[in-house]
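Per-entry structural report
For reference, the chains in residue letters:
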Amino acid sequence: MDSLNKGLRKVEAALKWDPSPIGSPPMDLDLVAAVYATDDPHQHPVYVVHFDQRAPDGTITLNRDSRTGQGFGWDEVLTLELDRLSSAYGRVVVGVAVQQREGARAFRDVTQPEARIREGYEELGTTDFAAVPDAAAATVAEFLRAPDGEWTYRPLVQGFDTDLTAFTAAMGNKPA
């Protein structure tokens, strides 16, 4: 018998921050999604979606990308069509990285950062990164596929002191 629960279907991860003060280098944050195989959910991602990329099958798309935090509302928006992901994938981790082009920077250096996860109009979770002020990158959400195929959400705020490349390799590791 099929389950009556639909689980998560189409989820949006959004990120915003205030622009740097006048005269300061721009602050650039990036939303990142890593997709893991059902049989290897904590090791190496099958693929990663971040700036100027999308999932090979089109199920995860970066709809908005900001390099400065300027604009109204959410500066970066990532759409995850979980219900369309192949059954070969059992876990998706969403994270945020602070670009390091202007030297070592962490969330404490960003003015009013906030990440939000929602499905439709239902907010699933938010973070302001206060729990990881010294981190240069952080995971913010984890989506898991149950044996019946339904997707669930779990908040996962875990900081990393690393650049974007190393972050994408480590973001799916089991929390310490």
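Residues numbered from 1 in each chain as written. Predicted model: local features only at pLDDT ≥ 70, side-chain atom pairs only at ≥ 80, totals over all residues. Heavy atoms only, no water.

Some words on the overall build of the protein
Keep this limit in mind: What counts as a helix is a DSSP run of H or I of at least four residues, what counts as a strand is a run of E of at least two, and both are numbered from the N terminus. We compute the radius of gyration from the C-alpha atoms alone; for a globule the expected value is 2.2 Å times N to the 0.38, where N is the number of residues. A 1.4 Å probe rolled over the protein chains alone gives each residue an accessible area, and that area as a share of the maximum for its type sets the label: buried under 20%, exposed over 50%, partly exposed in between. Reported accessibility uses the Shrake-Rupley method at a 1.4 Å probe radius. Residues are deemed covered only where the shown protein chains occlude them.
Helices and strands together make up the secondary structure of the protein, namely 1 helix and 10 strands. Traced from its N-terminal end to its C-terminal end, the protein shows the element sequence β-β-β-β-β-β-β-β-β-β-α. In terms of overall size, the protein behaves like a compact globule, its C-alpha atoms giving a radius of gyration of 16 Å where 176 residues would be expected to give roughly 16 Å. In terms of overall dimensions, the protein has a C-alpha envelope of 60 × 30 × 30 Å along the principal axes. Among the 176 residues that make up the protein, the fraction classed as buried is 47%. When the accessible area of the protein is evaluated, it comes to approximately 9,100 Å², of which 49% is carbon and sulfur surface.

Remarks on the side chain of T79
Short version of the rule: Side-chain atoms alone can form a polar contact between residues adjacent in sequence; in general such a contact is a pair of N or O atoms within 3.5 Å, and within protein one must be able to donate a hydrogen while the other accepts it. Two residues form a contact once any of their heavy atoms are found within 4.5 Å.
Mapped onto the fold, T79 is located in strand β5 (residues 76-81). At 2.4 Å, the side chain of T79 forms a polar contact with the side chain of N63. With near-sequence residues (within four places) excluded, T79 lies in contact with K10, V11, T59, I60, T61 and N63.

Observations regarding the environment of A88
Positionally, A88 belongs in the loop between β5 and β6 (89-98). A88 sits in the partly exposed class, given a relative accessible area of 41%. Between the alpha carbons of A88 and Y36 there is a distance of 8.6 Å; along the sequence they are 52 residues apart. A88 has contacts with Y36, A37 and T38, leaving out every residue within four places of it along the chain.

Looking at unusual backbone geometry
Positioned with a positive phi, Q112 is a non-glycine residue whose angle comes to about 50 degrees. Topologically, Q112 is positioned in strand β7 (residues 111-119). Its identity is not glycine, yet F129 carries a phi of approximately 70 degrees, on the positive side.

With respect to the sheet that holds strand β4 (residues 60-64)
Formally: At least two DSSP bridges between two strands are required for those strands to pair. Note on geometry: axes are C-alpha line fits, over the in-contact stretch for helices, and angles between N-to-C directions span 0 to 180 degrees.
Taken in spatial order, the 5 strands line up as β4-β5-β1-β7-β8 in an open sheet, and their pairing is antiparallel. What marks the edges here is a single partner per strand, and that holds for β4 and β8 (122-127). Neighbouring strand axes in the sheet, compared pairwise and without regard to direction, differ in orientation by 20 degrees on average. Pairing geometry for strand β1 (residues 10-18) and β7, over 6 bridges, is antiparallel. Bridge assignment links E12 to a residue of β7, and that residue is R118.

Regarding the sheet that holds strand β10 (residues 151-160)
The sheet built from 5 strands is open, its strands ordered β3-β2-β6-β9-β10 with antiparallel pairing. Strands at the two margins of the open sheet, each flanked by one partner only, are β3 (47-49) and β10. Along the sheet, successive strands turn relative to each other by an average axial angle of 20 degrees, direction set aside. Bridging between strand β2 (residues 29-37) and β6 involves 9 bridges; their strand directions are antiparallel. Of the residues in β6, the one forming a bridge with V35 is V92.

Examining the environment of R84
Inspection of the secondary structure assignment puts R84 in the loop between β5 and β6. Classification of R84 by relative accessible area gives partly exposed; the value is 44%. The sequence separation of R84 and V110 amounts to 26 residues, and the corresponding C-alpha distance is 34 Å.

Focus: the packing of aromatic side chains
Worth spelling out the cut-off: Side-chain rings of Phe, Tyr and Trp (the six-membered ring for Trp) are treated as a pair once their centres are within 6.5 Å; stacked means planes under 30 degrees apart, edge-to-face means over 60, and tilted covers the remaining angles.
Within the structure shown, the criterion is met by 4 aromatic pairs. Between F143 and Y153 the ring centres are 5.7 Å apart and the planes differ by 45 degrees, which places this aromatic pair in the tilted class. In this pair, F143 is assigned in strand β9 (residues 137-145) and Y153 in strand β10, connecting sequence segments 10 residues apart. In this structure F143 comes out as buried when scored by relative accessible area, which is 0%. Ring geometry for F160 versus F167: centroids 5.2 Å apart, planes at 65 degrees, classification edge-to-face. When sorted by exposure, F160 lands in the same class as F167, which is buried.

Geometric values such as these leave the question of function open.
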